[in-house]
Amino acid sequence: MKEYKREANMDRENVWADKRIAVAGVGGVGGYLAGMLGRACPHLTLAARGKRKETLQKEGLTLHSDYHGEIHIWPESVVTMEELPEQDYIFLCVKNYSLEEACMELRQAVGEDTVVIPVMNGVDPGERTRHFLQKGTVVDSLIYIVAFAKADDSITQQGDFARLCIGAKDVNEVNLRKVQEVAALLAAADIDCEIAEDIEVEIWRKYILNCAYNVETACYDNTIGQLRDDPGKAAQYEALVQEAYQVGLAKGVNLKKEHIDAIIHRFYHELADDATSSLQRDIRDGKRAEVDVFSGYIVREAAKYGVPVPVSEEMYEKLKRICG
């Protein structure tokens, strides 16, 4: 296991040594980012609560990563969101339904020069974060990763990929500079990252993938391999992709047919047979699930724009029944 303590970071030529960096929400995605950032950022604070906060304070954070190996880090401090002092950079990694509450709890941690990077599901966390905070700079992002917290509060990252994409929906000199800063920070932490020319397109590409991947795995409680092996379910997967694509087009997103072809190709040829989704795992574990993010949003937007989405509607109703 590679273990990185704060002192060990000082032998790097590290422009981040005096920056205050926080990860708010230390689940699968937040835990992965924290584990990687902890190797490069001596002033890393984690915001958590309850049992997870206690574990992080006593034992640090352990990341079991297929991509990077075994990593253990000791953050400089572990606090609740309400206790977090003003930061230079905040990676906001909560569930979409908790975003407003998290932003209210983090208001004292966000100054005019703070950069907030919401790394979350859905198509509008950046816009909503700007609305709730009304200060600082919000950098839009998405992440391709399979990661989750285990019962012992360690983090598991599966597969040979974990990639962030960042960008600015409102393109101006200040925002572009902040995007470049975040990219440099991620590079210092060995986190794969690219800057998108059109971040809205990239966010929608991932969202369309999840409208099929998360929704159908959760509806049937099947792995990707099980869905692929059933011609009827595979056809439904393609239909979910196509329906979300049509909604995106109706909203004016600059999506291309090749984007959708790539998502469907990934389903048949790239995703692991045993792959499951965060929505599926949350429902299976009896947790509050992001059904409205992956399914409800697309159904409501389809109705608004007059786009027929029969398979999405059917699965949304089924997921609501499953979740009670």
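The structure contained in this document is the topic of the report that follows. (Residues numbered from 1 in each chain as written. Predicted model: local features only at pLDDT ≥ 70, side-chain atom pairs only at ≥ 80, totals over all residues. Heavy atoms only, no water.)

How two aromatic rings sit relative to each other is set out by the distance from centre to centre and by the angle between their planes. This model, assessed by the stated rule, comprises 5 aromatic pairs. Pairing Tyr-207 with Tyr-297 gives two aromatic rings, centres 5.9 Å apart and planes at 85°, and the pair type is edge-to-face. Residue Tyr-207 is located in helix H6 (residues 199–220), and its partner Tyr-297 is located in helix H11 (residues 291–305); the two are separated by 90 residues in the primary sequence. Seen in terms of ring centroids, Tyr-237 and Phe-267 are 3.8 Å apart; in terms of plane orientation they differ by 15°. Their pairing is stacked. (Phe/Tyr/Trp six-rings, centres within 6.5 Å; stacked < 30°, edge-to-face > 60°. Helix = DSSP H or I, 4+ residues; strand = E, 2+ residues; numbered from the N terminus.)

For the rest of this paragraph, the subject is unusual backbone geometry. The backbone phi angle of Gln-134 is positive, close to 65°, even though this residue is not glycine. Following the sequence through the fold, Gln-134 ends up in the loop between helix H4 (125–133) and strand E9 (137–138).

A separate point is the packing of helix H8 (residues 231–250) against helix H9 (residues 257–269). The interhelical angle for the contact between H8 and H9, taken along N-to-C directions, is 155°, at an axis separation of 11 Å. By the criterion of interaxial angle, the relationship of H8 to H9 is roughly antiparallel. Considering how the two elements wind past one another, H8 and H9 form a crossing that is right-handed. Contacts from Ala-234, Tyr-237, Glu-238, Val-241, Gln-242 and Tyr-245 of H8 reach H9 at Lys-257, Ile-260, Ile-263, Ile-264, Phe-267 and Tyr-268. Counted by class, the contact of H8 with H9 contains 9 nonpolar, 1 polar and 2 charged residues. (Axes fitted to C-alpha atoms, helices over the stretch in contact; angles between N-to-C directions. Parallel < 35°, antiparallel > 145°, perpendicular 65-115°, else oblique. Left-handed = near helix turned anticlockwise from the far one by under 90°. Contact = heavy atoms within 4.5 Å. Nonpolar A, V, L, I, M, F, W, Y, C, P; charged D, E, K, R; others polar.)

One pass over the full model with this rule turns up 2 cavities of 30 Å³ or more. Considered as a void within the structure, the largest cavity measures approximately 70 Å³ in volume. Together, Met-120, Asn-121, Gly-122, Ser-141, Leu-142, Ile-203, Lys-206, Tyr-207 and Asn-210 line the largest cavity. Among the elements of the structure, strand E10 (140–149) and H6 are those that each provide at least two residues to the lining of the largest cavity. Of the residues forming the lining of the largest cavity, the biggest block, 4 residues, is contributed by H6. Of the residues in the lining of the largest cavity, the class split is 4 nonpolar, 4 polar and 1 charged. The calculated volume of the second largest cavity comes to roughly 40 Å³. Along its surface, the second largest cavity is lined by Cys-211, Val-215, Leu-240, Ala-244, Phe-294, Ser-295, Ile-298 and Ser-312. Of all elements in the fold, only H6, H8 and H11 reach the threshold of two or more residues within the lining of the second largest cavity. Per-element tally for the lining of the second largest cavity: the top contributor is H11, with 3 residues. (1 Å grid on protein atoms, 1.4 Å probe; cavity = no way out; pocket = protein on both sides within 12 Å on 5 of 7 lines; lining within 4 Å. Points joined across faces, edges and corners; volume = space filled by probe spheres on them.)

Moving on, we get to helix H12 (residues 310–323). Taking 1.5 Å of rise per residue, the 14 residues of H12 would be expected to cover 20 Å, and the 20 Å separating its terminal C-alpha atoms lies within 8% of that figure. Here the buried face of H12 lies against H6, H8, helix H10 (278–284) and H11. (Expected span 1.5 Å × (residues − 1).)

Take H8 next. Taking 1.5 Å per residue, 20 residues should reach 28 Å; H8 reaches 29 Å between its end C-alpha atoms and fits that length. Listed as buried for H8 are Lys-233, Ala-234, Gln-236, Tyr-237, Leu-240, Val-241, Glu-243, Ala-244, Tyr-245, Val-247 and Gly-248. Residues of H8 that are buried sit in contact with H6, helix H7 (224–229), H9, H11 and H12. Structurally, the start of H8 carries an N-cap: the backbone nitrogen of Gly-232 is 2.9 Å from a side-chain oxygen of Asp-230. Phi turns positive, to about 90°, at Gly-252, one or two residues after H8. (Buried < 20%, exposed > 50% of the residue type's maximum accessible area, 1.4 Å probe, protein only. Polar contact = N/O pair within 3.5 Å; in protein donor to acceptor, adjacent residues only side chain to side chain.)

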